[in-house]
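Fold and contact review
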Amino acid sequence: MKVLCKTLKGVKFHIEAESTSNVDFVKNAVREATKANAKSLFGVEEALPELQKIILKGAVLKADDTLANFVEGKSFLVVMVTKPKKKKVKAPAPAPAPAPAPA
């Protein structure tokens, strides 16, 4: 079935999935469908599955959930992609001050 997806910006696109498809399948389908324009759709280089949240009827779907409640032609999925967290690099500890020379 054709599944209508919308971004938080309101941009629409479609993916192919079945009512038995789980969220992991949907996330990978979103990644493939948006590969060429992920930057303009989501503000990231690639819509990696681990950064996606799939929302159906106001509920965030979990990985093992399926599209059983999706009604073709009446429902849509909201796809939210979070930006990857930047790794914090700790600044090196300052070198200890040299001990004063004995007089």
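Below: a short report on this structure. (Residues numbered from 1 in each chain as written. Predicted model: local features only at pLDDT ≥ 70, side-chain atom pairs only at ≥ 80, totals over all residues. Heavy atoms only, no water.)

1. Comments concerning helix α1 (residues 23–33)
Within the span of α1, buried status applies to V23, V26, K27, A29 and V30. The buried residues of α1 all sit within an arc of 160° when viewed along its axis, so they share a single face. Packing partners of the buried residues in α1 comprise β2 (12–16), α2 (38–42), β3 (52–56) and β5 (77–81). (Buried < 20%, exposed > 50% of the residue type's maximum accessible area, 1.4 Å probe, protein only. Helix = DSSP H or I, 4+ residues; strand = E, 2+ residues; numbered from the N terminus. Arc of directions from axis to C-beta. Contact = heavy atoms within 4.5 Å.)

2. Concerning the nonpolar core
Core analysis: the biggest nonpolar cluster contains 24 residues, and V3, I15, F42, L67, L77 and V79 have the highest contact counts within it. Looking at this core, the elements that each hand over two or more residues are β1 (2–7), β2, α1, α2, β3 and β5. Considering each element in turn, this core owes the most residues, 4 residues, to α1. The residues touching L77, leaving out its near neighbours within four places in the chain, are V3, L4, C5, K6, V26, I54, I55, L56, L67 and F70. (Core = buried A, V, L, I, M, F, W, Y, C linked by side-chain atoms within 4.5 Å.)

3. Comments concerning the side chain of K27
With respect to the helices and strands, K27 occurs in helix α1. Summary of buried charges: K27 has no salt-bridge partner, and the nearest side chain of opposite charge, D24, is 5.2 Å away. Discounting residues that sit within four places of it in the chain, K27 has contacts with P49, Q52 and I54. (Lys, Arg positive; Asp, Glu negative; His and termini not counted. Salt bridge = Lys/Arg side-chain N within 4 Å of Asp/Glu carboxyl O.)

4. Focus on the pattern of salt bridges
In the structure shown here, the tally under the stated rule is 3 salt bridges. A salt bridge links R31 to E46; the nearest nitrogen and oxygen atoms lie 2.6 Å apart. With R31 in helix α1 and E46 in the loop between α2 and β3, this pair connects stretches of sequence that are 15 residues apart. E46 gets classed as partly exposed once you look at its relative accessible area, which sits at 28%. A salt bridge links K39 to E45; its shortest N-O distance comes to 3.5 Å. A residue is classified by how much of its surface remains accessible, and E45, at 63% relative accessible area, is exposed.

Nothing here speaks to function; it is all geometry.
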